[in-house]
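What follows is each chain in one-letter form.
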Amino acid sequence: MRATGIVRRIDDLGRIVIPKEIRRTMHIRESDPMEIFTDKEGQVILKKYSPIGEMTAFAQQYAESMAQVSGHMVLITDREQFIAAAGGCKILLNQEISAGLEEKIEQREVFIAARGERSFTYICSDMTLDYVHEIIAPIICQGDVIGSVILLESDTRKKLSETDLKLVQAAAVFLGRQMEE
């Protein structure tokens, strides 16, 4: 574990402030849920909690089904990384999402775009995946954005249809409702 050289005291209510530098580095925002663990050596460990990360196996099966039905690449994210991938984009699994994608899902809108359009967003920062069309829908659970469903197409001759848009929207709503249970 990395030492930061920052010492904080616990207040009379049992709270401790996570230093701004650490919050910035770890992308911890106000109201982000945190998991608290202890290990065998008595260390207290804080970990960002990803509600959709709890259902990674289910999300992977769902992504594979969507890819099979649609014929497109499908990705499911939490607010930090890709947690499920199918249809030729498994290279992105467990990689961080781009800042642009993070901004898109925070807007709580569904986006459909082609490369070259102003609303087109590269979903990963290192651009290891080549695609020309995208649909991005936020997953919302109890009023909070917890991730996204993404449909991608790499063939310039194929366009994403209204049916594809509805498929992504339905998947995002379904996954959001699954998390509420």
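Note that this is a predicted model, so its numbers are computed, not measured.

Trainee: Before we move on, can you summarise the environment of Asp155 with the specific residues and values?
Mentor: By the element assignment, Asp155 lies in the loop between strand E7 (144–153) and helix H4 (162–180). As for Asp155 and His133, which are separated by 22 residues in sequence, their C-alpha atoms are 8.3 Å apart. For Asp155, the contacting residues outside a window of four places in its chain are Val132 and His133. At 2.9 Å, the side chain of Asp155 forms a polar contact with the backbone nitrogen of Arg157.

Trainee: Before we move on, could you go through the packing of aromatic side chains and cite the residues and values that matter?
Mentor: The full count for this structure, using the stated rule, is 6 aromatic pairs. Relative to Phe174, the ring of Tyr62 lies with its centre 5.4 Å away and its plane at 15°, an arrangement referred to as stacked. Here the residue Tyr62 occupies a position in helix H2 (residues 56–70), and Phe174 occupies one in helix H4, the gap between them amounting to 112 residues. For Phe174, a relative accessible area of 32% translates into the label partly exposed. Here a set of aromatic residues connected by ring pairs shows up, and it is made of Phe58, Tyr62 and Phe174. When the ring centre of Phe111 is taken as reference, the NZ or CZ atom of Lys104 above it lies at 4.2 Å.

Trainee: Explain the sheet that holds strand E6 (residues 133–141) residue by residue, including any values.
Mentor: Taken in spatial order, the 5 strands make up an open sheet running E4-E3-E7-E6-E5, and their pairing is antiparallel. Edge strands, defined here as strands with exactly one partner in the open sheet, are strand E4 (82–86) and strand E5 (111–114). Averaged over all adjacent pairs, the angle separating strand axes in this sheet is 15°, with direction ignored. Strand direction decides the pairing type here: strand E3 (residues 73–77) and E7, joined by 5 bridges, are antiparallel. Looking at E7, one finds that Val74 is bridged to Leu151.

Trainee: Just give me the short version of the pairing of E3, but keep the residues and values in it.
Mentor: Among the 5 residues of E3, 5 are classified as buried, and the element is accordingly described as predominantly covered. Of the two faces of E3, the one carrying Met73, Leu75 and Thr77 and the one carrying Val74 and Ile76 are both buried. Where E3 hands over to E4, the hairpin turn is made up of 4 residues, counted between the paired strands.

Trainee: With reference to specific residues and values, describe the nonpolar core.
Mentor: Core analysis: the largest hydrophobic core is formed by 24 residues, its most contacted members being Met66, Ile76, Ile139, Val149, Leu151 and Val168. It is H4 that contributes the most residues to this core, 6 residues altogether. Membership of the second largest hydrophobic core comes to 20 residues, among which are Phe82, Ile97, Ala113 and Cys124.

Thresholds applied
Position numbers for residues start from 1 in each chain and track the written sequence from start to end. With pLDDT at 70 or above as the cut-off, local features in this predicted model cover only qualifying residues; side-chain atom pairs require 80 or more to be listed or tallied, and sums for whole chains, interfaces and linings still use all residues. The basis for every side-chain value is the complete set of heavy atoms in the structure, and neither hydrogens nor water enter the calculation. Helix and strand definitions follow DSSP, with helices as H or I runs of at least four residues and strands as E runs of at least two, each counted in order from the N terminus. Throughout, a contact is declared for two residues whenever any of their heavy atoms are within 4.5 Å. N or O atoms closer than or at 3.5 Å make up a polar contact, with two conditions inside protein: a donor-capable atom paired with an acceptor-capable one, and, for residues adjacent in sequence, both atoms drawn from side chains. To pair, rings of Phe, Tyr and Trp, with the six-membered ring standing in for Trp, must have centres within 6.5 Å; the planes then decide the type, stacked if under 30 degrees apart, edge-to-face if over 60, and tilted in the middle. Relative accessibility decides the category of a residue: with a 1.4 Å probe and only protein chains considered, values under 20% of the type maximum give buried, values over 50% give exposed, and everything between is partly exposed. In our convention, an over-ring charge means Lys NZ or Arg CZ found within 6 Å of a ring centre and within 35 degrees of that ring's normal. Paired strands, in this sense, are two strands between which DSSP finds at least two bridges. Helix axes are fitted to C-alpha atoms over the stretch in contact, other axes to C-alpha atoms as well, and angles between N-to-C directions run from 0 to 180 degrees. Here, nonpolar core means buried Ala, Val, Leu, Ile, Met, Phe, Trp, Tyr and Cys residues that are tied together by side-chain atoms lying within 4.5 Å of each other.

By themselves, these are just geometric observations and shouldn't be taken as functional.
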